[in-house]
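This is what each chain is made of:
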Amino acid sequence: MKTSTRPLSRSLATLLAGASMAMTVMAQDFRIGFVNTERVLRESNMAKASQTKLEQEFSKREKELQNLGTQLKTASDKFEREAPTLPEAQRVNRQRALVDQDRDFQRKQREFQEDVTMRKNEELQLVLDKANRVIKQVAETEKYDLILQEAVYINPKLDITDKVLSGLNAAK
């Protein structure tokens, strides 16, 4: 019985050795790259231009909101100082007006934030779409089999973010 298991164990060892060599050859032909999307969104010229565009687009509204907030605070402070000396009806009317102004101010702030967020997402999507096209070009020209954008750990030698940034910054 011992003699019949030896050829089987030899065959199994040979099969495992062959599979191991095949896996090594396959691994050598398989190219993996990594792109740090956060860096692309932070460092690319297109992303920086988008940020500047958004700041210009919303700076006027932001300044108006800041002025409105300052006016509301000034009116509120003035009311607090004068409230003890005001007749009841006038005090109640001014208090209601301040509450209405505050509600309006908060609504405008919320709308502003929603508009900024929506436009920021639109601009980021444009940058990501362009970056993905560049990533695909790099992958095809340099024969990558897999490009990752999210990972827990990446060996720095697999990082192709600089190539993507160069391609993205060169493209207009």
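Structure: above.
A brief structural summary. (Residues numbered from 1 in each chain as written. Predicted model: local features only at pLDDT ≥ 70, side-chain atom pairs only at ≥ 80, totals over all residues. Heavy atoms only, no water.)

**Notes on the packing of aromatic side chains**
Worth spelling out the cut-off: Within 6.5 Å between ring centres, the rings of Phe, Tyr and Trp (the latter by its six-membered ring) count as paired, and their orientation is classed by plane angle as stacked under 30 degrees, edge-to-face over 60, tilted in between. By the criterion adopted, a ring carries a charge over it if an Arg CZ or a Lys NZ lies within 6 Å of its centre and within 35 degrees of its normal.
This structure, assessed with the given rule, holds one aromatic pair. One cation-aromatic arrangement involves Arg31 over Tyr144; the distance from NZ or CZ to the ring centre is 4.2 Å.

**Some details on the packing of helix H4 (residues 88-141) against helix H5 (residues 161-170)**
Selection rule: In this analysis, axes come from line fits to C-alpha atoms, helices being fitted only over the stretch in contact, and the angle between any two N-to-C directions falls in the range 0 to 180 degrees. Under the scheme used here, helices are H or I runs from DSSP no shorter than 4 residues and strands are E runs no shorter than 2 residues, and both carry numbers assigned from the N terminus. It is the rotation of the near helix from the far one that decides the hand of a crossing: anticlockwise by less than a right angle makes it left-handed, clockwise makes it right-handed. Whether two residues are in contact is decided by their heavy atoms: any pair within 4.5 Å suffices. Polarity classes work like this: nonpolar for Ala, Val, Leu, Ile, Met, Phe, Trp, Tyr, Cys and Pro, charged for Asp, Glu, Lys and Arg, and polar for all others, with Gly in that last group.
Two elements in contact, H4 and H5, have axes separated by 9 Å at closest approach and are oriented at 120°. Note that H4 runs across H5; the crossing there is right-handed. Mapping the contact onto sequence places Lys130, Ala131, Val134 and Ile135 in H4 and Val164, Gly167 and Leu168 in H5. Split into classes, the residues belonging to the contact of H4 with H5 amount to five nonpolar, one polar and one charged.

**Section: the pattern of salt bridges**
Put simply, the test is: Any Lys or Arg side-chain nitrogen located within 4 Å of an Asp or Glu carboxyl oxygen qualifies as a salt bridge.
Per the counting criterion, the structure on display carries 17 salt bridges. Of the charged contacts, one joins Arg94 and Glu82 as a salt bridge, the two residues approaching to 2.7 Å between their closest N and O atoms. Placement of the pair is Arg94 in helix H4 and Glu82 in helix H3 (residues 45-82), with a sequence separation of 12 residues. When salt bridges with common partners are traced through the structure, they connect Glu38, Arg39, Arg42, Glu43 and Asp162 into a single cluster.

**Here we look at the nonpolar core**
Stated precisely, the cut-off is as follows: Side-chain atoms within 4.5 Å link the members of a nonpolar core, which is a set of buried Ala, Val, Leu, Ile, Met, Phe, Trp, Tyr and Cys residues. Burial classes follow relative accessibility: with a 1.4 Å probe on protein chains only, a residue under 20% of its type's maximum area counts as buried, one over 50% as exposed, and anything between as partly exposed.
Counting residues in each nonpolar core, the largest one holds 12 residues, listed as Val35, Val40, Ala131, Val134, Ile135, Val138, Ala139, Tyr144, Ile160, Val164, Leu165 and Leu168. Elements supplying a minimum of two residues to this core: H4 and H5. When residues of this core are assigned to their parent elements, the largest contribution, five residues, is made by H4. Here Val35 is in contact with Val40, Ile135, Ile147, Leu148, Gln149, Ile160, Thr161 and Val164, once residues within four sequence places are set aside. Listed in part, the 10 residues of the second largest apolar core include Leu65, Ala83, Leu86 and Phe112.

**Here we look at a nonpolar patch on the surface**
To be explicit about the condition: Residues qualify for a patch when their relative accessible area is over 30% and they have no salt bridge, like charges being joined within 9 Å and the nonpolar side chains of Val, Leu, Ile, Met, Phe, Trp and Tyr within 5 Å. Surface accessibility follows the Shrake-Rupley procedure with a 1.4 Å probe radius. Residue values consider only the protein chains on display as shielding.
On the surface, Phe30, Ile32 and Leu146 cluster together into a nonpolar patch covering about 230 Å² of accessible area. Its location among the elements puts Phe30 in the loop between helix H1 (2-29) and strand S1 (32-34).

**Some remarks on the side chain of Ser44**
Heads up, the rule is: Polar contact is defined as a pair of N or O atoms within 3.5 Å, subject to the rule that within protein one atom must be able to donate a hydrogen and the other to accept it, and that residues adjacent in sequence are counted only when both atoms are side-chain atoms.
Tracing the backbone through its elements, the reader meets Ser44 in the loop between helix H2 (37-43) and H3. Side-chain polar atoms of Ser44 contact the backbone nitrogen of Ala47, separated by 3.1 Å. Setting aside anything within four residues of it in sequence, one finds Ser44 in contact with Arg39, Val127, Leu165, Leu168 and Asn169.

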